[in-house]
Amino acid sequence: MNNKLIYMDHAATTAMKPEVLEAMMPYFTLIYGNPSRIYRLGRKNKQAVEDARQQIATALGAEAKEIFITGSGTEADNWAIKGVAYANQKKGNHIITTSIEHHAVLHTVEYLAKNGFTVTYLPVDGDGLISLDDLEKAITDQTILITVMFANNEIGTIQPIREIGAIAKKHGVYFHTDAVQAVGNVPIDVNDLHIDLLSLSGHKFEGPKGIGALYVRKGVKLQNFVMGGGQERGKRAGTENVASIVGLAKALAMATQNISVHTTKIQAMRDAMMAEIEQKIPYIKLNGHRTMRLCNNVNYSFQYIEGESLLLMLDMQGIAASSGSACTSGSLDPSHVLLAIGLPHEIAHGSLRLTLGEDNSMEDVTVVVDKLKTIVARLREMSPLYEEIKNV
């Protein structure tokens, strides 16, 4: 077993940057006041929260009063979708989404479908892209919300967000995007992209876990999410997690200030890895769009093997990878995303997602591909189906 860990599951979570932890530390021990108190210790924390809110807004091209703190990206998705649905029932009850959303979105719209709302699920093509014509045709006079993820967490495909936002705006429909995977990997300006609501999560861009944010464009009708005190302008009650809010803002600022440098470095490794895999390993299929994809995402299906066995053998070699979403890693069912892009069950089961980060290097890429080639060959030697192919 290899003792050196090569971490290639950055879509699942990331290590917190030392600068982020340093920014957070005083709020655990020294500046610990409740932001709702008017004495000095409370006011310091209140100011820290508002400074962080402004940092988050600046990173997205938004205004500070349009940023609401949440406990996660999942919470932000839930709030955006349920909040718009229940606040706008008098206008309509129709929601449009896609067949490849994260379960934070899919399970939320499924809940609403059982409670008086109707949902249209847009299909995707073999690359994971929706059709803009399909989207426009799906809009009715009852449509109140379009929710389409910015970039898919499994296959990395980036949707035509600006065009989707323009269609929503033309028809007077709110547009929400789950941007959990995109923030920090794609430049985002909510006004330029016509986004009305956007979800993000701190631990995806080297910030703390258990903290996220929801951007809500000024004027969007949104039901309150948690009742209680007056925090988050009365929309989400509960004493603020000041240290994590500060950490979220610091991580987001660092991720977006040098985003072109980050994406250039990561994309070079991604492209090198894809080229090496395609050169060295036969009987594979790239999942997701070849160019309209996240800079850090590599996802292939390997025929004649099981993805679970592949992951376990990579782990024995000190390589952390995944077969898809971390939220469904315990499931034996094939990924709903891979089935939606047309993969048959047996090929979907043999899929591998490698997601790169700042801590990876070109040397890591070469090591991982070489190990992967050996493991795939070993697993295929145990496959009766592969034996048949070899003998044809």
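Everything here concerns the structure above.
Scope of this entry: the structure provided in the associated data block. The structure displayed is predicted, hence computed values, not measured ones.

### Description of the sheet that holds strand S10 (residues 297-302)
Overall, antiparallel pairing links the three strands, which are arranged S9-S10-S12 in an open sheet. The outermost strands of the open sheet, each flanked by one partner alone, are strand S9 (284-286) and strand S12 (351-355). Neighbour-to-neighbour, the strand axes of this sheet turn through a mean angle of 25°, independent of strand direction. As defined by bridge partners, S9 adjoins S10 across three bridges and the pair is classed as antiparallel. Bridging from a neighbouring strand, Ile284 pairs with Phe302 of S10. Its contacts with the sheet put helix H9 (residues 259-280) on S9, S10 and S12, and the angle it makes with S10 is roughly 15°.

### As for the sheet that holds strand S8 (residues 212-216)
Taken in spatial order, the seven strands line up as S2-S8-S7-S6-S5-S3-S4 in an open sheet, and their pairing is mixed. Looking at which strands have only one partner, the edges of the open sheet turn out to be strand S2 (67-70) and strand S4 (118-122). Across the sheet, the axes of successive neighbouring strands diverge by a mean angle of 20°, strand direction being ignored.

### As for the pattern of salt bridges
Think of it this way: side chains of opposite charge can pair up when their charged atoms draw near. Inspection of every chain in the model, using the stated rule, returns 17 salt bridges. For Glu63, the salt bridge identified is with Lys65, shortest N-O distance 3.9 Å. Notably, a salt bridge pairs Glu75 with Arg236, separated by 2.4 Å at the nearest N-O pair. Taken together, the residues Glu75 in helix H4 (residues 73-87) and Arg236 in the loop between S8 and helix H8 (242-257) connect sequence positions 161 residues apart. A residue is classified by how much of its surface remains accessible, and Glu75, at 15% relative accessible area, is buried. A residue is classified by how much of its surface remains accessible, and Arg236, at 19% relative accessible area, is buried. A cluster of three or more residues bridged by salt bridges with shared partners is formed by Lys46, Glu50, Arg53 and Glu232.

### Some remarks on helix H13 (residues 362-381)
Compared with an ideal rise of 1.5 Å per residue, which puts 20 residues at 28 Å, H13 spans 29 Å between its outermost C-alpha atoms and is within 8% of the ideal. Turning to H13, its buried residues number three or more, namely Asp364, Val365, Val368, Val369, Leu372, Ile375, Val376, Leu379 and Arg380. Projection of H13 onto a plane perpendicular to its axis shows the buried side chains occupying an angular sector of 140°, all on one side.

### What to know about the side chain of His102
Summarising the element assignment, His102 is placed in the loop between strand S3 (94-98) and helix H5 (103-113). A distance of 2.9 Å separates a polar side-chain atom of His102 from the backbone nitrogen of Ala104.

### Examining the nonpolar core
Leu60, Ile146, Phe150, Ile188, Ile195, Leu198 and Leu200 are the most contacted members of the largest nonpolar core, which totals 62 residues. With nine residues, H8 is the largest single contributor of residues to this core. Setting aside residues up to four positions removed in sequence, Phe150 forms contacts with Thr157, Ile158, Gln159, Ile161, Thr177, Asp178, Ala179, Ala182, Val186, Ile188, Leu193 and Ile195. Within the second largest apolar cluster, 29 residues are counted, among which are Met269, Met274, Ile281 and Leu379.

### Things to note about the packing of helix H3 (residues 40-60) against H8
Two packed helices can be described by the angle between their axes and the distance between those axes. Running from N to C, H3 and H8 cross one another at 30°; their axes reach a closest spacing of 9 Å. The orientation of H3 relative to H8 falls into the category roughly parallel. You can see that H3 and H8 cross each other, and the crossing is left-handed. Note on element contacts: H8 touches H3 through Val242, Ile245, Val246, Leu248, Ala249, Lys250, Leu252, Ala253 and Thr256, opposite Asn45, Ala48, Val49, Ala52, Gln55, Ile56 and Ala59. Looking at side-chain class alone, the contact of H3 with H8 contains twelve nonpolar, three polar and one charged residues.

Reading the values: the criteria
Residues numbered from 1 in each chain as written. Predicted model: local features only at pLDDT ≥ 70, side-chain atom pairs only at ≥ 80, totals over all residues. Heavy atoms only, no water. Pairing = 2+ DSSP bridges. Helix = DSSP H or I, 4+ residues; strand = E, 2+ residues; numbered from the N terminus. Axes fitted to C-alpha atoms, helices over the stretch in contact; angles between N-to-C directions. Contact = heavy atoms within 4.5 Å. Salt bridge = Lys/Arg side-chain N within 4 Å of Asp/Glu carboxyl O. Buried < 20%, exposed > 50% of the residue type's maximum accessible area, 1.4 Å probe, protein only. Expected span 1.5 Å × (residues − 1). Arc of directions from axis to C-beta. Polar contact = N/O pair within 3.5 Å; in protein donor to acceptor, adjacent residues only side chain to side chain. Core = buried A, V, L, I, M, F, W, Y, C linked by side-chain atoms within 4.5 Å. Parallel < 35°, antiparallel > 145°, perpendicular 65-115°, else oblique. Left-handed = near helix turned anticlockwise from the far one by under 90°. Nonpolar A, V, L, I, M, F, W, Y, C, P; charged D, E, K, R; others polar.

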